[in-house]
Amino acid sequence: MPKPLTLALAQQDFLVGDIGGNAEKILAVAARAAGGGCDLVAFPEMAVSGYPPEDLVLRTDFVRAAESAVAKIVAASGEAAIVFGHPRREGGGVFNSVTVARGGKAVACYDKRILPNYAVFDERRYFRPGAAPVVFDVNGARIGITICEDLWEDGPLESTVAAGAQLVVNCNGSPFHMGKCRERESLIGARARAAQVAVAYVNLVGGQDELVFDGGSFVVDAAGVVARRLPFFCEVVAFAKFTITAAGKVQPLSAECAATPSAVAGAYQAIVLGVRDYVNKNGFDG
């Protein structure tokens with residue numbers, strides 16, 4: 001019989017360009033989460049490089065450094081799977097990718113298929129789109145991977161479920177704007193309900209240039225109902241527990257749901273976080 005499944009949602013703040021520091025942070029957070037009894041720990045989009053890396057990914061030395069960091073994380077991985085985002089070069093192009101590492105091996109690698117090119121996003125300039133779903137096994141459950149925009153358009157989620165996914169982990173770098181948290185949950189809930197699959201949405205947190213990432217990671221069940229929500233505007237690692245039914249469904253167990261901030265409170269917290277990270281990440285002494 002399949003075992004219950006515990007996922008650690010690692011909602012973290014990463015520094016763009018600090019590949020070594022980000023890799024150390026991923027390993028440290030993953031080790032703490034594994035010590036707490038999780039089966040897999042999921043990090044946001046582009047955790048190794050920081051997001052958005054923009055023109056840095058046009059530099060061969062930067063991508064090579066990211067690939068070395070990926071190899072280090074893979075080699076250090078233990079029994080709990082680590083799901084983390086990074087740039088990846090292949091065939092003369094760079095992909096926005098997520099690797100799944102476990103037991104010192106890379107057990108899966110997924111490339112983002114829908115590359116946004118509107119508002120603050122310019123991903124088609126830097127990345128090539130992926131072409132195929134990726135599904136891997138944990139405790140007898142089939143886990144699919146998608147990245148951010150993949151869930152905002154038709155295709156990637158449906159093909160991932162068709163490939164056998166019973167739970168989809170979506171790694172994100174989704175920036176704040178007023179009302180965005182409710183927009184995310186409404187859209188992802190509708191996608192999950194249509195596809196009849198649970199979705200774990202792990203989001204970045206922190207300020208980067210003109211962007212603020214607000215966290216608010218969450219889990220929805222196959223009916224689109226939020227079963228778990230993490231706090232906004234702060235780093236946190238929280239567990240989401242799932243049961244595997246006789247019918248083969250991976251069902252999240254309801255747990256604490258952090259409050260969604262009001263429009264004014266959200267705007268204030270975004271300003272505070274953005275200014276704090278601007279000062280700290282640039283190394284200002286006051």
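Look up: the structure comes first, before these words.
To keep things clear, this report deals only with the structure shown in the data block. (Residues numbered from 1 in each chain as written. Predicted model: local features only at pLDDT ≥ 70, side-chain atom pairs only at ≥ 80, totals over all residues. Heavy atoms only, no water.)

Next up on the list: helix 1 (residues 19–35). Between its first and last C-alpha, helix 1 extends 24 Å over 17 residues, near the 24 Å set by a 1.5 Å rise per residue. Along helix 1, the residues classified as buried are Ile-19, Asn-22, Ala-23, Ile-26, Leu-27, Val-29, Ala-30 and Ala-33. Of the surrounding secondary structure, the elements contacted by the buried residues of helix 1 are strand 1 (5–11), strand 2 (40–42), helix 2 (60–76), strand 3 (81–90) and strand 14 (236–244). Gly-37 sits one or two positions beyond helix 1 and adopts a positive phi of about 100°. (Helix = DSSP H or I, 4+ residues; strand = E, 2+ residues; numbered from the N terminus. Expected span 1.5 Å × (residues − 1). Buried < 20%, exposed > 50% of the residue type's maximum accessible area, 1.4 Å probe, protein only. Contact = heavy atoms within 4.5 Å.)

Next up on the list: the packing of aromatic side chains. Geometry of an aromatic ring pair is reported as the spacing of the ring centres plus the angle between the planes. A complete count under the given rule lists 7 aromatic pairs for this structure. Centre to centre, the rings of Tyr-126 and Phe-127 are 6.4 Å apart; their planes meet at 65°, and the pair counts as edge-to-face. Neither residue differs from the other here; Tyr-126 and Phe-127 are each classed as buried. With a centroid separation of 4.7 Å and 15° between ring planes, the pair formed by Tyr-201 and Phe-218 is classed as stacked. Highlighted residues: Tyr-201 in strand 9 (residues 198–203) and Phe-218 in strand 12 (residues 218–220), separated in sequence by 17 residues. (Phe/Tyr/Trp six-rings, centres within 6.5 Å; stacked < 30°, edge-to-face > 60°.)

This brings us to the nonpolar core. In terms of nonpolar packing, the biggest core is built from 37 residues, with Ile-26, Val-41, Phe-43, Val-48, Ile-73, Ile-82 and Phe-84 touching the most fellow members. Put simply, the parts of the chain that give this core at least two residues each are strand 1, helix 1, helix 2, strand 3, strand 4 (93–102) and strand 11 (211–214). The contact partners of Phe-84, leaving out residues within four places of it in the chain, are Ile-26, Phe-43, Val-48, Val-70, Ile-73, Val-74, Ser-97, Val-98, Thr-99 and Ala-101. (Core = buried A, V, L, I, M, F, W, Y, C linked by side-chain atoms within 4.5 Å.)

Turning to unusual backbone geometry, a few remarks are in order. The amide bond that connects Tyr-51 to the next residue, Pro-52, takes the cis arrangement and shows omega of 0°. Within the secondary structure, Pro-52 sits in the loop between strand 2 and helix 2. The phi dihedral of Glu-54 is positive, around 50°, even though this residue is not glycine. Within the secondary structure, Glu-54 sits in the loop between strand 2 and helix 2. For Asn-139, which is not a glycine, the phi torsion comes out positive at approximately 55°. Secondary-structure assignment places Asn-139 in the loop between strand 6 (135–138) and strand 7 (141–147).

What follows deals with the packing of helix 1 against helix 2. Direction vectors running N to C along helix 1 and helix 2 enclose 20°, while the axes themselves pass 10 Å from each other. The orientation of helix 1 relative to helix 2 falls into the category roughly parallel. Here helix 1 runs over helix 2; the crossing is right-handed. Of the residues in helix 2, those touching helix 1 at Ile-19, Ala-23, Glu-24, Ile-26 and Leu-27 are Phe-62, Ala-65, Ala-66, Ala-69, Lys-72, Ile-73 and Ala-76. Considering only residue class, the contact of helix 1 with helix 2 consists of 10 nonpolar, no polar and 2 charged. (Axes fitted to C-alpha atoms, helices over the stretch in contact; angles between N-to-C directions. Parallel < 35°, antiparallel > 145°, perpendicular 65-115°, else oblique. Left-handed = near helix turned anticlockwise from the far one by under 90°. Nonpolar A, V, L, I, M, F, W, Y, C, P; charged D, E, K, R; others polar.)

Sheet architecture is open: 6 strands sit in the order 6-7-8-9-12-13, paired in mixed fashion. Whereas interior strands pair on both sides, the edge strands pair on one side only; in this sheet they are strand 6 and strand 13 (226–229). Pairwise comparison of adjacent strand axes, ignoring direction, gives a mean angle of 20° for this sheet. Pairing analysis gives 5 bridges linking strand 7 to strand 8 (residues 167–172), with the strands arranged parallel. Following the sheet pairing, Ile-147 is matched in strand 8 by Cys-171. Sheet strands in contact with helix 5 (residues 180–195) are strand 9, strand 12 and strand 13, and its direction is about 35° off that of strand 12. (Pairing = 2+ DSSP bridges.)

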